[in-house]
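Take a look at the letters that make up each chain.
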There are 2 protein chains.
Amino acid sequence: MPIQKITREEIISKCVERFRTHGFHSSTMSDLAEVCGLQKGSFYHYFTSKDEILEEGLKQMSAYFQEHIFAIAYNDHLPPKKRMKSMLQKHTAMMLHKHGGCIVANIATEALHTNPDVKPLLVEVSDNWHAALRYILQSSYTAKAAEIRAWRIIQDIEGAIMLTRLYGKETFIKQALQRSVEYCDGETAESAKRV
Amino acid sequence: MPIQKITREEIISKCVERFRTHGFHSSTMSDLAEVCGLQKGSFYHYFTSKDEILEEGLKQMSAYFQEHIFAIAYNDHLPPKKRMKSMLQKHTAMMLHKHGGCIVANIATEALHTNPDVKPLLVEVSDNWHAALRYILQSSYTAKAAEIRAWRIIQDIEGAIMLTRLYGKETFIKQALQRSVEYCDGETAESAKRV
DNA sequence: GTCTATAAAACGATAGAC
DNA sequence: GTCTATCGTTTTATAGAC
């Protein structure tokens, strides 16, 4: 009786990570199998197609983010500023890992045209990220202001990740992170005008 | 004697546009040929490989941007605010066209790992964009402040393009554009602290 | 559940006629 | 300069042994 080398969940994790760092269309089934320490043929015991790996992968990733990253926002025992810093540091560290960038932005860029079915999954992750940020910011802002500022934090970080990857300098993402944390300080007469 | 259906320059333009809207790895040689109204075989009269098309395409695009978009920044007959608005409107309109996004960001995301040689070309375009923005902002800011704010405009717009594509709403990019134009109004006591 | 072997299709690239 | 035809390779996916 052959031993179980790897669980389905682990396979999915490794594939998503490969998609993030090498791209979806650049990752062949052989590549994915190799990353998991399996032969190409063994892969079809778990999935019927490459597209299914992407879809399952994004579902699992969405759940992971909600449970292990965005959940930090709702821990009311910590002050808002600490939650914001902790959550974003964990999130951006993952994006910077191996210079792979944001999986949501990457898949949206390269696979939305060939795999339009995954769009709701990407939107789901972004929506959950936004809800988490908004929840933290509602301690310091009105509901409307918190919503708008939450989008701007996502936008700021996504732009920073892109520049950080292109120029290989972490300045962009570090400053975006700092700005986001300072957002928790609340409204000033000047900043209100700038929304 | 067969007539010339299309010039090399036109072929390159159509290929770059296809890469931007459908991705590099998702665009086959057949796709590219079809877009140009040619047969696959005819393509190899102009290029030796698909990678060469990408490289030549990015070179031509870089020159086009410098000449037709970034050049607007250096037209000192117009007030800074008008130059900023005119340049960014033209640039973002191209990015939004067919929801294709920014060619630089797209190629950086999906082809930097398979085609690292094109990185200098992507950096060149970004550098030129930054220089154009910085030139406009130097009317209102110190050299150092102008440099930092020019990067933040690029970052803001790249993040906005990503969100606009994912959510299909132009609010993100429109507001980023407005913020960028308002940057030309110059330093205030509050905004200085926020750099 | 994992392997090897192989089928079937897609793709990049070449050859040669016109 | 464009076409048709085709080669060689890569890639997705399947079949069947263990």
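Above this text sits the structure in question.
What you see is a predicted model; the values in this text were computed from it and never measured.

### Quick word on the protein's contact with DNA strand C
Link 1 in the chain: Close to DNA strand C lie 19 residues; Gln4(A), Lys5(A), Gln39(A), Tyr46(A) and Met29(B) are nearest.
Link 2 in the chain: Within 4 Å of the protein, the atoms of DNA strand C are drawn from sugar and phosphate moieties in a proportion of 67%.
Link 3 in the chain: Between DNA strand C and Tyr46(A), the relevant distance is 2.4 Å, taken from a phosphate oxygen to a side-chain nitrogen or oxygen of the residue.
Link 4 in the chain: If you list the elements that add at least two residues to the surface near DNA strand C, you get helix H3 (40-43) of chain A together with helix H3 (40-43) of chain B.
Link 5 in the chain: Of the residues in the surface near DNA strand C, the class split is 7 nonpolar, 9 polar and 3 charged.

### Overview of the protein's contact with DNA strand D
Link 1 in the chain: Lining the immediate environment of DNA strand D, one finds 19 residues, of which Met29(A), Lys40(A), Gln4(B), Lys5(B) and Tyr46(B) sit closest.
Link 2 in the chain: In DNA strand D, atoms within 4 Å of the protein come 64% from sugar and phosphate.
Link 3 in the chain: Within the contact set of DNA strand D, a phosphate oxygen lies 3.4 Å away from a side-chain nitrogen or oxygen of Tyr44(A).
Link 4 in the chain: Separating a phosphate oxygen of DNA strand D from a side-chain N or O atom of His45(B) is a distance of 2.9 Å.
Link 5 in the chain: Breaking the surface near DNA strand D down by element, the ones donating at least two residues are H3 of chain A together with H3 of chain B.

### Points about the relation of the copies chain A and chain B
Link 1 in the chain: When chain A is fitted to chain B, the residual RMSD is 0.0 Å, and the transformation amounts to a turn of 180° plus an axial shift of 0.0 Å. The operation mapping one copy onto its partner corresponds to a two-fold rotation axis. Minimal C-alpha separation from the rotation axis in chain A is found for Gly159(A), amounting to 2.0 Å.
Link 2 in the chain: Looking at the interface residues of chain A, 100% of them are also at the interface in chain B, so both copies use one shared face.

### Observations concerning the environment of Leu122(A)
Link 1 in the chain: For Leu122(A), the location among the structural elements is in helix H7 (residues 119-137).
Link 2 in the chain: Leu122(A) sits in the buried class, given a relative accessible area of 0%.
Link 3 in the chain: In this view, Leu122(A) contacts Leu58(A), Val104(A), Ile107(A), Ala108(A), Leu112(A) and Leu166(B); residues no more than four positions away in its chain are not counted.

Reading the values: rules and limits
- Residues numbered from 1 in each chain as written.
- Chains lettered and ligands numbered in written order.
- Predicted model: local features only at pLDDT ≥ 70, side-chain atom pairs only at ≥ 80, totals over all residues.
- Heavy atoms only, no water.
- Near = heavy atom within 4 Å.
- Polar contact = N/O pair within 3.5 Å; in protein donor to acceptor, adjacent residues only side chain to side chain.
- Helix = DSSP H or I, 4+ residues; strand = E, 2+ residues; numbered from the N terminus.
- Nonpolar A, V, L, I, M, F, W, Y, C, P; charged D, E, K, R; others polar.
- Least-squares fit on C-alpha atoms with pLDDT ≥ 70 in both.
- Contact = heavy atoms within 4.5 Å.
- Buried < 20%, exposed > 50% of the residue type's maximum accessible area, 1.4 Å probe, protein only.

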